[in-house]
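Commentary on secondary and tertiary structure
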Amino acid sequence: MSCILDIDLDYFNLIENPEKRLRELLDWGNLRIAFIVEKHHQAFFRWKDRVKSGTLTPPSHILHVDEHHDMMDQKRDTNIANFMYHAMRTWKSCRVHWIVDHPIDSPEMWLDDDVWMSFSQRFSMGSNRPRGWPKSDIVSICTSPEFINDDLLKRLLKTSKEFMTGK
């Protein structure tokens, strides 16, 4: 089983010293960034492709660093608002920790009661990663340009370049 460090740059909208915080997260991840996507659900498709090809084992943990929990509906089609719902549905034993300093809501209000009951045991949230959380096997970044201003996006992408694979 693997661990994914999943970072959406919109998380840094309200963070003091965002470049420093991004660097701290990437230093903890201790890996080069595997890929950067614009729309967050594209990361989920890339994770699934890597699992299918055998270059990533099914994740047991996802550290979801994001302004949003991305479980805002249960629609069949995966989109930016529900891809974490699909990840938890796809990998039935995967734990997700949503790193968020200022949560705007909870997935509980968006998901059916029975779905939330099955997910709630595997979902947590807070401003720091849980103690003992495993090290990452892959790091992905989402730019979410429609949710972040251009200046901050450019600064964070510049910081990210220090951790790029070059692929």
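Note that this is a predicted model, so its numbers are computed, not measured.

**Focus on the state of the cysteines**
- Summed over the entire model, instances satisfying the criterion amount to zero disulfides.
- Unpaired in this structure, Cys94 has its nearest cysteine sulfur neighbour in Cys3, at a distance of 8.3 Å.

**Brief notes about the pattern of salt bridges**
- On inspection of all chains with the given rule, the structure shows six salt bridges.
- When the shortest N-O distance is used, the salt bridge between Glu24 and Arg21 registers 3.8 Å. Pair noted here: Glu24 and Arg21 are both in helix α1 (residues 18–29), with a separation of three residues, about one helical turn.
- With relative accessibility at 39%, the residue Glu24 sits in the partly exposed group.
- Overall, Arg21 belongs to the buried group, its relative accessible area being 17%.
- Residue Asp151 pairs with Arg155 through a salt bridge whose shortest N-O separation is 2.9 Å. Of this pair, Asp151 and Arg155 both sit in helix α5 (residues 150–161), four residues apart, which is roughly one turn of that helix.
- Residue classification places Asp151 among the partly exposed residues on the basis of a relative accessible area of 48%.
- Linked by salt bridges that have partners in common, Glu19, Asp151 and Arg155 make up one network.

About the thresholds
Residues numbered from 1 in each chain as written. Predicted model: local features only at pLDDT ≥ 70, side-chain atom pairs only at ≥ 80, totals over all residues. Heavy atoms only, no water. Disulfide = S-S within 2.5 Å. Salt bridge = Lys/Arg side-chain N within 4 Å of Asp/Glu carboxyl O. Helix = DSSP H or I, 4+ residues; strand = E, 2+ residues; numbered from the N terminus. Buried < 20%, exposed > 50% of the residue type's maximum accessible area, 1.4 Å probe, protein only.

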